[in-house]
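Chain and residue survey
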Amino acid sequence: MEISLGPLVASFLIGLVGFALFLYGKKQARFPQLLAGVALMLEPWVLTSTVPMTLGAAGLIGALWLSLRFGY
């Protein structure tokens, strides 16, 4: 098994953003941020390649933005 730096760094950064969103959602009692944070923390376990991981994270953040933009 070969470990490359790209997926490792991407999963760390995506997990960090997810953790920050989770803490914000928990503290402010905001369900969309809480849910997006959990999804971002779990995503690197499902997607292991750099490009799909990054695109998935962008999609989740975009879905969060749309959810907040349209009033949820």
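Our structure is the block above this text.
**Quick look at a nonpolar patch on the surface**
Together, Ile-3, Leu-5, Leu-8, Val-9, Phe-12, Leu-13 and Leu-16 give the surface a local cluster of nonpolar side chains, amounting to about 750 Å² of exposed area. Within the element layout of this structure, Leu-13 appears in helix 1 (residues 5-28).

**Let's talk about unusual backbone geometry**
Despite not being glycine, Ala-29 shows a phi value in the positive range, around 60°. Along the chain, Ala-29 turns up in the loop between helix 1 and helix 2 (31-46).

**Observations regarding the nonpolar core**
Grouped together as the largest cluster of nonpolar side chains are 8 residues: Ala-10, Ile-14, Leu-21, Ala-36, Leu-40, Met-53, Ala-57 and Leu-64. Those elements giving two or more residues to this core turn out to be helix 1, helix 2 and helix 3 (50-69). Ignoring anything within four residues of it in the chain, the contact list for Ala-10 reads Thr-50 and Met-53.

**With respect to the side chain of Gln-33**
Assignment of secondary structure puts Gln-33 in helix 2. Among the residues examined, Gln-33 registers a relative accessible area of 6% and is labelled buried. If near-sequence neighbours (up to four positions away) are discounted, Gln-33 is found in contact with Leu-21, Phe-22, Tyr-24, Gly-25, Leu-64 and Leu-68.

**Quick word on the side chain of Glu-43**
Structurally, the position occupied by Glu-43 is in helix 2. Of the side chains with opposite charge, Arg-30 comes closest to the buried, unpaired Glu-43, at an N-O distance of 21 Å.

**Points about the environment of Leu-60**
Its place among the elements puts Leu-60 in helix 3. A relative accessible area of 27% means that Leu-60 is categorised as partly exposed. Leu-60 sits 27 residues away from Gln-33 along the chain, and the two C-alpha atoms are 11 Å apart. With residues up to four places along the chain from it excluded, the contact list for Leu-60 reads Ala-39, Leu-40 and Glu-43.

**Observations regarding helix 3**
Relative to the 28 Å expected for 20 residues at 1.5 Å per residue, helix 3 spans 28 Å between its end C-alpha atoms, a close match to the ideal helical length. Within the sequence span of helix 3, burial applies to Met-53, Ala-57 and Leu-64. All buried residues of helix 3 fall inside an arc of 35° around its axis, so they share one side. Structural note: helix 3 exposes Val-51, Leu-55, Trp-65 and Arg-69 on the side pointing more than 90 degrees away from its buried face. Here the buried face of helix 3 lies against helix 1 and helix 2. Looking one or two residues beyond helix 3, the residue adopting positive phi is Gly-71, at roughly 95°.

Thresholds, definitions, all that
- Within every chain, residues take consecutive numbers counted from 1 along the sequence as written.
- Since the coordinates come from a predicted model, pLDDT governs what is reported: local features require at least 70, and pairs of side-chain atoms require 80 or more to be given and counted, while whole-chain, interface and lining totals use all residues.
- The basis for the side-chain values is all heavy atoms of the structure; hydrogens and waters are excluded.
- Exposure above 30% relative accessible area and no salt bridge define the residues that can form patches, which grow by joining like charges within 9 Å and nonpolar side chains of Val, Leu, Ile, Met, Phe, Trp and Tyr within 5 Å.
- The Shrake-Rupley method, run with a 1.4 Å probe, gives the accessible areas here. Residue values count only the displayed protein chains as cover.
- Within this document, salt bridges are pairs made up of a side-chain nitrogen of Lys or Arg and a carboxyl oxygen of Asp or Glu, the two lying within 4 Å of each other.
- Helix numbering and strand numbering both begin at the N terminus, where a helix is a DSSP run of H or I of at least 4 residues and a strand a DSSP run of E of at least 2.
- Take the buried residues of types Ala, Val, Leu, Ile, Met, Phe, Trp, Tyr and Cys, join any two whose side-chain atoms come within 4.5 Å, and each joined set is a nonpolar core.
- For every residue, the accessible area obtained with a 1.4 Å probe (protein chains only) is divided by the maximum for its type, and the residue is called buried under 20%, exposed over 50%, and partly exposed between those limits.
- The contact definition used throughout considers only heavy atoms, calling two residues in contact when any of these lie within 4.5 Å.
- Note on charges: Lys and Arg go in the positive column, Asp and Glu in the negative column, and His and the chain ends are not counted at all.
- Each residue after the first adds 1.5 Å to the expected span of a helix.
- Directions from the helix axis toward the C-beta atoms define the arc.

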